[in-house]
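Okay, here's what each chain looks like letter by letter:
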Amino acid sequence: MNWEPVIGLEVHLQLATRSKIFSGSATTFGAAPNTQASAVDLAMPGMLPVLNEQAVRYAVLFGLGIDAEIGRRSVFDRKNYFYPDLPKGYQISQFAEPIVGRGQFEIVLGDGTSKTVGITRAHLEEDAGKSLHEDYHGQTGIDLNRAGTPLLEIVTEPELASAEEAVAYLKALHSLVLYLGISDGNMAEGSMRCDINISLRPAGSDTLGTRAEIKNVNSFRFVEKAIAHEIERQAELLDSGGSVVQETRLYDAERDETRPMRSKEVATDYRYFPEPDLLPVVLEESLIEELRATLPELPTAKRQRFQDQYGLSAYDAGVLADSRALADYFEAVAGTCSDAKLAANWVQVELLGQLNREGLTIGDCPLAPDALGGLLARILDETISGKIAKQIFEAMWQGEGDADSIIEARGLRQVSDSGAIAAMVDAALAGNPEQVAQYAAADDQKRKKLIGYFVGQVMKTSKGQANPALVNQLLAEKLPD
Amino acid sequence: MASETPVTASSLLEALDQGRCSAEELIRDCLDRIGAVDGALNSFITVDAEGALAAARAADADRAAGRAGPLAGLPLAHKDIFCTEGLRTSCASRMLDTFVPPYSATAVQRLATAGAVTVGKTNMDEFAMGSSNETSYYGPCRNPWDGDRVPGGSSGGSAAAVAAGLVPAATGTDTGGSIRQPAALCGITGIKPTYGRVSRLGMIAFASSLDQGGVMARSAEDCALLLGTMAGHDPADSTSAREPVPDYRSGLTMALDGLRIGLPRRWFDASLDSAVGDRLRAALGELEARGARLVDIDLPHNHLSIPAYYLIAPAEASTNLARYDGVRYGHRCKAPLDLEDLYTRSREEGFGAEVQRRILIGTYALSAGYYDAYYKKAQQTRRLIRQDYLDAFTGVDVIAGPTAPGTAFRLGEKIDDPVTMYQEDSYTLGVNLAGLPALSLPVEPLGGLPVGLQLIGQHFDEARLLALAHRYQQDTDWHLQAPPPPGGAA
């Protein structure tokens, strides 16, 4: 049977607040166990939560970023279950009245087509702590540093149809939250974790099949592999006449498979009810407007503008708009040199290439955008050729100064004096009579090759500094017809 | 020494101010009385003699240096539900038998900053669940007026300690009547403020949307004095009110001419002990003679407060008490086999029967399939009850009625019949469901046992309740009557 996957994602996004969502403890990653757990995080008797307003602002920014309904009044609920790393015996979350309602945003797929993904809701909640099973010989250690870390759980409609779409959605989401500055997006540290709901149905069917949920997948690559594996597993099951069990599964990256979690952990009645220790969050219109005013231009809009304003291809616009830092860098370069296409080309090829080779991100780039823009300006005013420019780029990367000083210091200024170049062309022709004779007798195809040879001779004489356009022009004049 | 007229907190402070006694003398006196009487009374779970004497000496030094706070040297007891830094806070539960908090409740902190000296922690129903003090892990506290009778609950220890003259005042908490009912049964004055008036931080939670800390003392004047110190916004409690705190003490003399007192018709019908009703009517008659107007009112949904309360409070309690899991602090069973066993046995051993009953009721009320029928319906009922009060207050300034259906009952009389026990709260629960302030003050006793009159005010109108009670206490001395000397009882 031809099965069609239906995929919905729940992303747990860690918000970039300095302190926890309901206590003053720090959220810094990697601290020694339980050094960032206060009496509130430990659920000591009589302790009470106080909502971190920055977490609310970040949630609203996200809602505005996906053009969603913002809950003017949202309510925290208690989600009750016993687990050692859940100190209160309940997680404070939002159930019936989330802070962000329906929204949507656009993703671009590999073939260049785009798709709008519906967001069902996004709600604020606190993270649990961590159970440490290693190193305790038959016992379990508990680290509550992470308990109370603010999360925004972002839930999509079951509208994704493949692993590729799921990954494209996650990448676009990752890009968006970095643009908004609401999360550090550090996936290795768990800042963006993903639960995958997946079911199969006969291609073209309207009804949904029974789904399995794969918990806590934390990289794009693992999401892709987990989905691929799960599609295969469910298809085999259905093809052989079996049925999918609604259950929670874990993705094991080492074995590249999903397997059921202990059944004890599923089918829990969480007994949600409104958290009486917190007031409903009532958002003033003025706060929403204040936040709306701080919204940056978002990836989709920027991609479009790069195409419209600079005439970039959709692909180039997509690469450059992927991160706000890169887009800003590109625009600064384009502004300095006033040639956006040249800037786009250099940023994508030379700059990103160099960053990749050195394992750096745009944030660590040693070269200021106006320095690169200054270099490109020298290409545009014909002070140097593109080829020389690459040499200068290397030198600038090594910290030898700006383009102009390197050009002067190394004497790399392009020769555009037609008298001087004419002399060099004459010398080249005089020194290679054999080739000149061949040229006179050759067809167009061969002539092109020979012109290349003469240009090479002139460039050698000029140490690469002769203006190539002038050389070509003078050669054409001086060679026999 | 126990039969003399009890002294009020205000008069003790006056004596301290005038140098007629030192704080250390006062504390020694308290400790002596506790030592002499409390073995039989059992009003304290923990007495902190050493800490209290040190604090008293510090208060005396502050006075000598002219930097004393307004309550410097005043002996005080805290219900054992308030966390006290470095001093065991058990909530009268085996679960917290060894729990010593590294922090103090905001209310405790404010009183300490004003100079009050903590003598010890008072007995109570376990996790404040009870109306007789009989569910305490540390055994029942007895009523100083008759040792065979209960002091009421859950703040029974605070009420008994004040009534017996062991301390001039104590803190209490009131989730469904837990300050007012024991105040009534022990013949003292107790105020449960508006929900949100006193910070809940550091007050061990029973039912978060109902819990409220308050004062139990001899007189309305003492209540005003202490409430003014405890009350006020606390940024660490999101449900604490931002309303400014008036000067309750100077408000005691506010004009009350023409004050309209509403009397809920159904509260004075057959469900009330008729002799108790007579005592209350007599007291109300005296208020009328002093210029108040008595108006009959209706609270049409108030009879639903028991079922609504006994769903909402256990529902909240069932999750508030989930943190006691034997993992981080509190009772942990010996040699758990696995996680499930650790949870089950720690909680089974740590919690008493009434606490377990309420956790079960609450868990049930919140469960899938029952939520709409129970918890949700109870919340809807709660809104109706609250609206009744708000409607009534469009025509009256204060509502008056009984605090409890009768006088103190005998130990063991109701403990095996939870439904009869819950009836003790008939007149008090609605106030918590509506978040209103209310106080209980003693009127003429009945057969040697105290009777309490309940005054209920509009939100944040504590000052008027205190002024009305104060007015009554200016002309009567029921609040200054002392129980018979200890040893005379049973």
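Every chain's residues receive numbers from 1 upward, in the order its sequence appears when written. Whichever chain is written first becomes A and whichever ligand is written first becomes 1, with later ones labelled in order. Reporting in this predicted model follows two pLDDT cut-offs: at least 70 for local features of residues, and 80 or more for side-chain atom pairs to be given and counted; totals over whole chains, interfaces and linings ignore these cut-offs and use all residues. Only heavy atoms go into the side-chain values, all of them from the structure, while hydrogens and water stay out.

Per an unreviewed UniProt entry, chain B is named Glutamyl-tRNA(Gln) amidotransferase subunit A, and its organism is Pseudohaliea rubra DSM 19751. The annotation that UniProt attaches to chain B under Subunit (unreviewed entry) is "Heterotrimer of A, B and C subunits." UniProt positions are given in the numbering used here, feature names are shortened, and annotations may be inferred rather than shown by experiment.

Per an unreviewed UniProt entry, the recorded name for chain A is Aspartyl/glutamyl-tRNA(Asn/Gln) amidotransferase subunit B, and the organism is Pseudohaliea rubra DSM 19751. As stated in UniProt under Subunit (unreviewed entry), the record for chain A gives "Heterotrimer of A, B and C subunits." One UniProt comment on chain A, placed under Sequence similarities (unreviewed entry), says "Belongs to the GatB/GatE family. GatB subfamily."

> Please give an account of the overall build of chain B that cites residues and values.
Secondary structure elements follow DSSP: runs of H or I no shorter than four residues count as helices, runs of E no shorter than two count as strands, and numbering proceeds from the N terminus. Helix and strand content of chain B: 16 helices and 11 strands. Along the first, second and third principal axes, the C-alpha atoms of chain B reach 65 × 55 × 50 Å. Across the 490 residues that make up chain B, the buried fraction comes to 63%. We call two residues in contact when some of their heavy atoms are within 4.5 Å. Within chain B, contacts between residues separated by at least 24 positions form 76% of all contacts whose residues are at least 6 apart in sequence. As presented, chain B carries roughly 16,600 Å² of accessible surface, and 51% of it is formed by carbon and sulfur atoms. Relative accessibility under 20% of the residue-type maximum defines a buried residue, over 50% an exposed one, and the middle range a partly exposed one, all with a 1.4 Å probe and only protein chains included. The accessible surface values rely on the Shrake-Rupley method and a 1.4 Å probe; as for residues, cover is taken only from the protein chains in view.

> Could you give an account of the overall build of chain A, with specific residues and numbers?
When its secondary structure is counted, chain A shows 15 helices and 15 strands. Against the globule reference of 23 Å for 481 residues, chain A gives a C-alpha radius of gyration of 30 Å, more extended than a compact globule. On the principal axes, the C-alpha backbone points of chain A span a range of 95 × 55 × 50 Å. Taken over 481 residues, chain A has a buried fraction of 50%. Taking all contacts inside chain A whose residues are at least 6 apart in sequence as the whole, residues at least 24 apart take part in 68%. In chain A, the 46 positive side-chain charges and the 70 negative ones have mean positions that sit 2 Å from each other. The globule rule is 2.2 Å times the number of residues to the power 0.38, and the radius of gyration it is compared with is taken over C-alpha atoms. Counting rule applied: Lys, Arg positive; Asp, Glu negative; His and chain ends not counted. By convention, charge coordinates are those of NZ in Lys, CZ in Arg, CG in Asp, or CD in Glu.

> Quick rundown of the domain arrangement of chain A? Include the residues and the values.
For every domain, the bounds stem from an assignment made automatically or drawn from a database. Considered domain by domain, chain A is made up of domain 1 (3-290), domain 2 (297-410) and domain 3 (418-478). Averaged C-alpha coordinates put domain 1 of chain A and domain 3 of chain A at centres separated by 66 Å.

> I'd love a proper account of unusual backbone geometry, names of residues and values included.
Geometrically, the link from B:Gly153 to B:Ser154 is a cis peptide bond, its omega value of 10° lying close to zero. With a phi angle near 55°, A:Ser338 is a residue other than glycine that sits in the positive phi range. Of note, A:Ser338 is situated in the loop between α7 (324-337) and α8 (340-358). Its relative accessible area of 65% is what places A:Ser338 among the exposed residues. Phi at B:Ala335 takes a positive value of approximately 45°, unusual for a residue other than glycine. Within the secondary structure layout, B:Ala335 lies in the loop between α10 (305-320) and α11 (339-350). The exposure class of B:Ala335 is exposed, given its relative accessible area of 63%.

> Requested: an account of the side chain of A:Arg447, with residues and values cited.
Residues and elements named next belong to chain A. With respect to the helices and strands, Arg447 occurs in helix α14 (residues 444-461). A carboxyl oxygen of Asp or Glu within 4 Å of a side-chain nitrogen of Lys or Arg is what we treat as a salt bridge. Here Arg447 is buried and forms no salt bridge, its nearest opposite-charge partner Asp444 lying at an N-O distance of 5.0 Å. Excluding anything up to four places from it in sequence, Arg447 contacts Tyr439, Ala440, Ala442, Pro480 and Asp481.

> So what's going on with the packing of aromatic side chains? Residues and values would help.
Aromatic pairs are defined between Phe, Tyr and Trp rings, using the six-membered ring for Trp, whenever the two ring centres lie within 6.5 Å; interplanar angles under 30 degrees are classed as stacked, those over 60 as edge-to-face, and all others as tilted. A full pass over the atoms with the stated rule returns 27 aromatic pairs over all chains. Ring geometry for A:Phe306 and A:Tyr310: centres 5.6 Å apart, planes at 55°, overall tilted. Residue A:Phe306 and its partner A:Tyr310 are located together in helix α5 (residues 299-310), separated by 4 residues, close to a single helical turn. Residue classification places A:Tyr310 among the buried positions, given a relative accessible area of 17%. Ring centres 6.3 Å apart and planes at 85° place the aromatic pair B:Tyr324 and B:Phe351 in the edge-to-face group. One end of the pair, B:Tyr324, is in the loop between α10 and α11; the other, B:Phe351, is in the loop between α11 and α12 (353-366), with 27 residues separating them in the sequence. Just as B:Tyr324 is buried, B:Phe351 falls in that class too.

> Describe in detail the UniProt feature "domain: Asn/Gln amidotransferase" (unreviewed entry) in chain A, supporting the description with residues and values.
Following the UniProt record, one finds the feature "domain: Asn/Gln amidotransferase" (unreviewed entry) at residues 328-479 of chain A. Secondary structure across residues 328-479 of chain A comprises 74% helix and 0% strand; the distance between its end C-alpha atoms is 48 Å.

> A description of the sheet that holds strand β9 (residues 150-156) of chain A should follow, citing residues and the corresponding values.
Residue and element names in this part refer to chain A. With mixed pairing, the 8 strands of this open sheet are ordered in space as β5-β6-β9-β1-β10-β11-β12-β13. The open sheet has two free edges, formed respectively by β5 (103-108) and β13 (257-260), since each of these has just one partner strand. In this sheet, neighbouring strand axes are inclined to one another by 30° on average, regardless of whether the strands run parallel or antiparallel. Note on definitions: angles span 0 to 180 degrees between N-to-C directions of axes, and those axes are lines fitted to C-alpha atoms, for helices only across the stretch in contact. This element, helix α3 (residues 220-239), spans β1 (3-14), β10 (192-202), β11 (212-217), β12 (247-252) and β13 of the sheet and lies at about 25° to β10. By definition, two strands form a pair when at least two bridges between them are found by DSSP.

> Break down the environment of A:Ile451 for me, citing the residues and quoting the values.
Residues and elements named next belong to chain A. You can see Ile451 is positioned in helix α14. Separated by 170 residues in the primary sequence, Ile451 and Val281 have C-alpha atoms spaced 75 Å apart. For Ile451, the residues in contact, after removing those within four places along its chain, are Tyr439, Asn472, Leu475 and Leu479.

> Run through the pattern of salt bridges, naming residues and quoting values.
All chains considered together, the criterion is met by 57 salt bridges over all chains. Note that A:Arg72 is salt-bridged to A:Glu285, the shortest N-O span being 2.6 Å. Placement of the pair is A:Arg72 in the loop between α1 (53-65) and β2 (73-74) and A:Glu285 in helix α4 (residues 285-294), with a sequence separation of 213 residues. The shortest N-O distance in the salt bridge between A:Arg259 and A:Asp252 comes to 2.9 Å. Assessed through its relative accessible area of 15%, A:Asp252 is described here as buried. What emerges from the salt-bridge pattern is a single network uniting A:Arg78, A:Glu275, A:Asp277, B:Arg200 and B:Asp237.

> Just give me the short version of the UniProt feature "active site" (unreviewed entry) in chain B, but keep the residues and values in it.
Residue and element names in this part refer to chain B. Those residues carrying the UniProt feature "active site" (unreviewed entry) are Lys79, Ser154 and Ser178 in this numbering. For the residues just named, distributed over 100 residues, the greatest C-alpha separation is only 10.9 Å, placing them together at one site. By secondary structure assignment, the location of Lys79 is in strand β2 (residues 75-79). Taking relative accessible area as the criterion, Lys79 reaches 0% and is therefore assigned buried. In contact with Lys79, other than residues within four places in its own chain, are Lys121, Thr122, Met124, Ala128, Ser154, Ser155, Ser158, Thr171, Gly172, Thr173 and Ser178. With respect to the secondary-structure elements, Ser178 resides in the loop between β4 (169-173) and α6 (180-186). Residue Ser178 is classed as buried on the basis of its relative accessible area of 6%. The contact partners of Ser178, leaving out residues within four places of it in the chain, are Lys79, Ala128, Gly130, Gly153, Ser154, Ser155 and Thr173. Among the polar contacts listed, one links the side chain of Ser178 to the side chain of Ser154, at a separation of 2.8 Å. Throughout this description, a polar contact denotes any pair of N or O atoms lying within 3.5 Å of each other; where both atoms belong to protein, one of them has to be capable of donating a hydrogen while the other can accept it, and for residues adjacent in sequence the pair is counted only when both atoms sit in side chains.

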